[in-house]
Amino acid sequence: MSTNTPKNTQIWLPFTQMSEITKNPPIEIKKAKGAWLYDNNNNKYLDAVASWWVSALGHNNPKIAKAIGEQAKKLDQVIFANCTHTGAQEVAKKVLNLLPNKLQKVFFSDNGSTAVEVSLKLALQYHHQTGNPQKTKIMSLNDAYHGDTIGAMSVSGTEHFFAPYKPMLFKSPKIKNWNKLEQTIIKHAHKTAAIIVEPLIQAAGGMKIYHIKHLQQLAKLCKKHNVLVIYDEIATGFGRTGTMFAMDQIGTSNLYAPDMVCLSKGLTGGTVAMSITACSNKIYKAFLGPYSANKTFFHGHSYTANPIACAASIATLDIFANQNIIKNMQKNMQYFNDCAQKFAKNLPLKNFRALGWVAAWDIDDVRKSQKQRLSPIITKTALKYGLLIRPLGNVLYFWPPITLTKTEIDFMFNTTKKVLNEIMI
Ligand SMILES: Cc1ncc(COP(=O)(O)O)c(C=O)c1O
């Protein structure tokens, strides 16, 4: 299969070493359908990373596309202060219906990183306005990834991405060892506003899965020490972990439910950028008062609650509900898991882990001694065979649309096996 190289050299791609662009040129995609991307020559590629984890339902779902088209003709955009619209109200209602009762309000923004920034600012301002202005720290987990803006980087642990910016990042006390959770929280609680976590799986930090019981313990300790809990479900939301949200597996009663949740990616079925930070009434109420009390949340983005994105989100949430996606995906998800369990046999892979529609392995990198980065070689070879995968360093993982068929699952595993056999053995 020949790849299709665009001539345009004026674009600076994200997370891409541009000096390698001639060696590893991007493919120009002209259309997409379901799990498949098509280039200008009509070569097709199975999107095993759901296009940076957003296309939960696959690409170009006709119901979402129709909703976007119809909305664009009615109301494209409106300032979301002084004005509101039914689309935003409907998204808020539908999303809150899916979340634990504790979460009662939504604040819109336009990507995952901004949803995280909103949660961090809300946490600090909440404590500032409830008599604890000394609570200015945000705790986080080792190996966390919460986005690329300054606050999000500060609470992330993926330091190799962020090394040059370290001097401008704020310090975030890290939970390094679950066995020492209580001691760590007690040590920092008096000055800590919140703890932010990716529940159950740290995705970009290396697909690290951890146990429900740690999050249950975290919830209890945080409640006791007046520390807010923020769940970043930007990657885990909308079916990825086998339930609608990872938090559904941890417990949604007031005992375990977080104080805030960040959502994006699958929120619009992977079509238009939008995000939400949902919070409890307790937090919301701390921001009420006369204007002169200066309790207003001074935060907003130009495209906040964009009506077209809201229409995409309503259509997405309707598909999840009407087509009972979470229940109906279980069979194929089990098949995906069965295939993943067997996959590493005779391949240079170790440390298998899986959760819902995620499976990952560490690659026993035979080329390390040759100082060659394996990830771009795997991606390039896979594209040759019609598969888009993008290992995270030496972590090989699958994160496909949750609507993948058994035939597509077979294709994904068989092609990856072929790729690994070709370049590693
Ligand atoms: C858990 C998590 N939080 C936040 C983000 C940042 O989202 P965005 O890339 O939309 O800014 C990501 C992106 O992958 C993520 O995985």
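Residues numbered from 1 in each chain as written. Predicted model: local features only at pLDDT ≥ 70, side-chain atom pairs only at ≥ 80, totals over all residues.

**Points about the overall build of the protein chain**
When you go through the protein chain residue by residue, the secondary structure sums to 15 helices and 16 strands. In terms of C-alpha radius of gyration, the protein chain reaches 22 Å, essentially the compact-globule figure of 22 Å for 425 residues. Dimensions along the principal axes, computed over C-alpha positions, put the protein chain at roughly 65 × 55 × 45 Å. In the protein chain, once contacts between residues fewer than 6 apart in sequence are set aside, the share between residues at least 24 apart is 74%. (Helix = DSSP H or I, 4+ residues; strand = E, 2+ residues; numbered from the N terminus. Rg over C-alpha atoms; globule rule 2.2 N^0.38 Å. Contact = placed C-beta atoms within 7 Å.)

**Re the packing of helix α13 (residues 330–343) against helix α15 (residues 406–424)**
For the pair α13 and α15, interaxial distance at closest approach is 10 Å and the crossing angle is 20°. Taken together, the axes of α13 and α15 are roughly parallel relative to one another. α15 is crossed by α13, and the crossing has right-handed handedness. Here Asn332, Tyr335, Phe336, Cys339 and Phe343 of α13 lie close against α15, whose contacting residues are Lys406, Ile409 and Phe413. Partitioned by chemical class, the residues of the contact of α13 with α15 number six nonpolar, one polar and one charged. (Axes fitted to C-alpha atoms, helices over the stretch in contact; angles between N-to-C directions. Parallel < 35°, antiparallel > 145°, perpendicular 65-115°, else oblique. Left-handed = near helix turned anticlockwise from the far one by under 90°. Nonpolar A, V, L, I, M, F, W, Y, C, P; charged D, E, K, R; others polar.)

**A short note on the domain arrangement of the protein chain**
According to the domain assignment, the protein chain contains domain 1 (18–61 + 329–424) and domain 2 (75–325). The gap between the C-alpha centroids of domain 1 and domain 2 is 28 Å. Counting residues at the interface gives 20 residues for domain 1 and 19 residues for domain 2. Going through the elements one at a time, α1 (50–53), β13 (349–355), β14 (358–363) and β16 (395–398) are the ones with two or more residues in the side of domain 1 that touches domain 2. (Domains from an automatic or database assignment.)

**Details of the pairing of strand β11 (residues 260–263)**
Taking every second residue as pointing to the same face, both faces of β11 are buried, with Met260 and Cys262 on one and Val261 and Leu263 on the other. The sheet contact formed by strand β10 (residues 228–232) and β11 spans three bridges and is parallel. From the neighbouring strand, Asp232 faces β11, where its bridge partner is Cys262. Taken together, the four bridges between β11 and strand β12 (residues 275–280) define a ladder with antiparallel strand orientation. Within β12, the position partnered with Leu263 by the bridge is Ile276. (Buried ≥ 20, exposed ≤ 12 C-beta atoms within 10 Å, placed from the backbone. Pairing = 2+ DSSP bridges.)

**Some remarks on the site of the ligand**
In the vicinity of the ligand there are 15 residues, among which Asn111, Gly112, Ser113, Gly147 and Ala235 approach most closely. The dominant element in the shell around the ligand, judged by the number of residues it contributes, is helix α4 (residues 112–128), at three residues. In the shell around the ligand, the residues fall into seven nonpolar, six polar and two charged. (Near = placed C-beta within 6 Å.)

**Quick word on the packing of helix α7 (residues 181–188) against helix α8 (residues 212–224)**
Running from N to C, α7 and α8 point in directions that differ by 30°, and their axes come no closer than 11 Å. Relative to α8, the element α7 lies roughly parallel. Considering the relative orientation of α7 and α8, their crossing is right-handed. Across the interface between the two elements, Leu181, Glu182 and Ile185 from α7 touch His214, Gln217, Leu218 and Leu221 from α8.

**Thoughts on the sheet that holds strand β1 (residues 29–33)**
Strand order in the open sheet formed by four strands is β1-β2-β3-β15, with mixed pairing between adjacent strands. Unpaired on one side and paired on the other, β1 and β15 (387–388) mark the two borders of the sheet. Where strand β3 (residues 44–47) and β15 come together, two bridges link them in parallel fashion. Paired with Asp47 across the bridge in β15 is Leu388.

**Brief notes about α13**
Helix length check: α13, at 14 residues, gives a terminal C-alpha distance of 20 Å against a target of 20 Å (1.5 Å per residue), a fit within 8%. For α13, the full list of buried residues reads Phe336, Ala340 and Phe343. Within α13, the buried residues cover an arc of 55° as seen down the axis, which keeps them to one side. Away from the buried face of α13 by more than 90 degrees, exposed residues Gln330, Lys331, Gln334, Asp338, Gln341 and Lys342 are located. Summarising the contacts, the buried residues of α13 are in contact with β13, β14 and α15. (Expected span 1.5 Å × (residues − 1). Arc of directions from axis to C-beta.)

**Let's talk about the nonpolar core**
In terms of nonpolar packing, the biggest core is built from 116 residues, with Ala194, Ile195, Leu228, Ile230 and Leu388 touching the most fellow members. Among the elements that make up this core, the one with the highest residue count is helix α11 (residues 307–322) (nine residues). If you count residues domain by domain, this core takes at least three from each of domain 1 (18–61 + 329–424) and domain 2 (75–325). Excluding anything up to four places from it in sequence, Ala194 contacts Ala123, Ile138, Val227, Leu228, Val229 and Ile230. (Core = buried A, V, L, I, M, F, W, Y, C linked by C-beta atoms within 7 Å.)

**Things to note about the sheet that holds strand β4 (residues 103–109)**
Read from one edge of the open sheet, seven strands run β4-β12-β11-β10-β7-β5-β6, paired in mixed fashion. Both edges of this open sheet fall to β4 and β6 (174–175), since each of them pairs with a single strand only. The strands touched by α8 are β7 (192–197) and β10; relative to β10, the strand with the most contacts, the crossing angle is about 145°.

**As for α15**
Over its 19 residues, α15 extends 27 Å from the first C-alpha to the last, a length consistent with the 27 Å expected when each residue adds 1.5 Å. Among the residues of α15, those classed as buried are Glu408, Ile409, Met412, Thr416, Val419 and Leu420. Down the axis, α15 shows its buried residues gathered within 105° of arc, on one side only. Of the residues in α15, the exposed ones pointing more than 90 degrees away from the buried face are Lys406, Thr407 and Asn421. Contact partners of the buried residues in α15: β3, α13, α14 (374–384), β15 and β16.

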